[in-house]
Amino acid sequence: MLNIILMGPPGAGKGTQAKKIIAAYDIPHISTGDMFREAMANKTPAGLLAAEYINKGLLVPDDVTIKLVKERLAKDDCAKGFLLDGFPRTIPQAEALETLTKEINRPISAVVNITADKEVLVKRITGRRVCPACGAPFHIETLKPKVEGVCDYCGATLIQRKDDTLESLAVRLNAYENQTLPLVKFYEERGLLHDVDGLIGLEEVFKTICDIFEEIK
Ligand code: AP5
């Protein structure tokens, strides 16, 4: 069973690899970032609250995020495995997830930690364009859509995320270093951590992840 956590700094390639993983392994993609962006687009109360944090690059409060994931993981489609992308991001989130996965008997099988250095992350984030409809990420240099400005998957017009400014990215990187990096040790201690070099090409990163999945399956 593949019950996977995908972690890494902003721009490491989590969303890009997630698209490939769910297509190859047929497991649901649970991206807290995508869920918040959908709630923001629909102007739900949770979305309006999340927007206050996300647009500044800050993490959404733990209680809001944990509730969202708890509801999603309880759904039937997660019985065949799941891919958590961007969750957990803090120690309290990781502890809540540990309790929850025990309760629902769906233990985490591996944590894939995609690494990349700051200079590359800045280039990736500032050159990224995303599909507002299906969430697919592209890049103006390294991953151009077939038709400029148009999503390959659903045909929507690509946009630049509001939090993809240099100012917001600095806050996001700071949140990553202070709040998310401690999770590396947390999962290392549990024997679940697999580091993957995110600086190599998209296909090579994907191959490395597939090799890890074959090992643990
Ligand atoms: P979220 O949407 O999760 O954003 P993030 O973690 O900052 O990550 P990104 O989506 O920016 O990057 P990515 O790693 O997916 O990179 P991508 O594949 O697009 O979260 C957004 C916000 O929501 C957070 O800041 C927070 O406010 C809130 N939030 C979400 N989860 C939360 C939680 N658990 N708790 C609290 N708050 C939460 O790649 C980037 C670019 O690089 C793309 O253009 C891509 O084409 C390119 N690229 C990728 N890989 C490669 C490669 N190997 N070679 C060349 N180019 C590449």
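As the structure is a computational prediction, the values presented were derived from the model and not from experiment.

S.K.: How do you make sense of the sheet that holds strand E4 (residues 110–115) when you look at a structure like this?
M.R.: Backbone-to-backbone hydrogen bonds join strands into a sheet, with any given pair of strands oriented parallel or antiparallel. Across the sheet, which stays open at both edges, the five strands sit in the order E2-E3-E1-E4-E7 with parallel pairing between neighbours. With one partner strand each, in any of the chains shown, strand E2 (29–31) and strand E7 (193–197) form the two edges of the open sheet. Strand-to-strand, the axes of this sheet are offset by a mean angle of 20 degrees, without reference to chain direction.

S.K.: Sorry, what's going on with the site of the ligand here?
M.R.: Surveying the vicinity of the ligand reveals 36 residues, the closest of which are Thr16, Leu58, Arg89, Arg128 and Arg172. A distance of 3.0 Å separates a nitrogen atom of the ligand from a polar backbone atom of Val60. Per-class residue counts for the shell around the ligand are 15 nonpolar, 13 polar and eight charged.

S.K.: I keep staring at the packing of aromatic side chains and nothing clicks. Help me out?
M.R.: Each aromatic ring pair is summarised here by two numbers: the centre-to-centre distance and the angle between the ring planes. Taken as a whole and judged by the stated rule, the model has three aromatic pairs. With centroids separated by 6.2 Å and ring planes inclined at 40 degrees, the aromatic side chains of Phe138 and Tyr153 adopt a geometry described as tilted. You can see Phe138 sitting in strand E6 (residues 137–139) and its partner Tyr153 sitting in the loop between E6 and helix H7 (166–180), a full 15 residues away along the chain. The class for Phe138 is buried, based on a relative accessible area of 5%. Using a relative accessible area of 57% as the deciding quantity, one classes Tyr153 as exposed.

S.K.: Could you clarify how one ought to interpret the packing of helix H4 (residues 62–73) against helix H5 (residues 91–103) in this entry?
M.R.: A pair of packed helices is captured by two measures, namely the crossing angle of their axes and the spacing between those axes. At a closest axis distance of 10 Å, the pairing of H4 and H5 adopts a crossing angle of 25 degrees. With respect to their mutual orientation, H4 and H5 come out roughly parallel. Judged by the twist between their axes, the crossing of H4 over H5 is right-handed. For the pair formed by H4 and H5, the contact residues are Asp62, Thr65, Ile66, Lys70 and Leu73 on the first element and Pro92, Gln93, Ala96, Leu97 and Leu100 on the second. By residue class, the composition of the contact of H4 with H5 is six nonpolar, two polar and two charged.

S.K.: How do you make sense of the nonpolar core when you look at a structure like this?
M.R.: In summary, soluble globular proteins display a tendency toward joint burial of nonpolar side chains. Residues Leu73, Leu84, Leu97, Ile108, Val111 and Tyr187 are the most contacted members of the largest nonpolar core, which totals 21 residues. If you list the elements that add at least two residues to this core, you get strand E1 (3–7), H4, strand E3 (82–85), H5 and helix H8 (182–189). Among the elements that take part in this core, H8 stands out by supplying four residues, more than any other. Sequence-distant contacts of Val111, that is, excluding residues within four places in its chain, are made with Ile5, Met7, Tyr187, Leu192, Leu193 and His194. Within the second largest apolar cluster, 19 residues are counted, among which are Leu83, Ala110, Val196 and Ile212.

S.K.: Is there a simple way to think about helix H2 (residues 32–41) in this case?
M.R.: Helical periodicity: at 3.6 residues per turn, an α-helix aligns residues three or four positions apart in one direction. All buried positions along H2 are accounted for by Thr32, Gly33, Met35, Phe36, Ala39 and Met40. Down the axis of H2, the sector holding all buried residues measures 165 degrees, keeping them to one side. Residues of H2 that are exposed and angled more than 90 degrees away from the buried face: Glu38 and Ala41.

S.K.: I tried to follow unusual backbone geometry on my own but got confused; where do I start?
M.R.: It is generally the case that most residues other than glycine have a negative phi and that most peptide bonds are trans. Omega for the bond connecting Phe87 with Pro88 falls within 30 degrees of zero, at 0 degrees, which places this linkage in the cis form. Among the structural elements, Pro88 can be located in the loop between E3 and H5. One non-glycine residue with positive phi stands out, namely Asp26, at about 55 degrees. Mapped onto the elements, Asp26 comes out in the loop between helix H1 (14–25) and E2. The residue Lys43 is not glycine, and still its phi comes out positive at about 55 degrees. Within the element layout of this structure, Lys43 appears in the loop between H2 and helix H3 (45–54). Judged by relative accessible area, Lys43 falls into the exposed class, the value being 60%.

Basis of the calculations
Residues numbered from 1 in each chain as written. Predicted model: local features only at pLDDT ≥ 70, side-chain atom pairs only at ≥ 80, totals over all residues. Heavy atoms only, no water. Pairing = 2+ DSSP bridges. Helix = DSSP H or I, 4+ residues; strand = E, 2+ residues; numbered from the N terminus. Axes fitted to C-alpha atoms, helices over the stretch in contact; angles between N-to-C directions. Near = heavy atom within 4 Å. Polar contact = N/O pair within 3.5 Å; in protein donor to acceptor, adjacent residues only side chain to side chain. Nonpolar A, V, L, I, M, F, W, Y, C, P; charged D, E, K, R; others polar. Phe/Tyr/Trp six-rings, centres within 6.5 Å; stacked < 30°, edge-to-face > 60°. Buried < 20%, exposed > 50% of the residue type's maximum accessible area, 1.4 Å probe, protein only. Parallel < 35°, antiparallel > 145°, perpendicular 65-115°, else oblique. Left-handed = near helix turned anticlockwise from the far one by under 90°. Contact = heavy atoms within 4.5 Å. Core = buried A, V, L, I, M, F, W, Y, C linked by side-chain atoms within 4.5 Å. Arc of directions from axis to C-beta.

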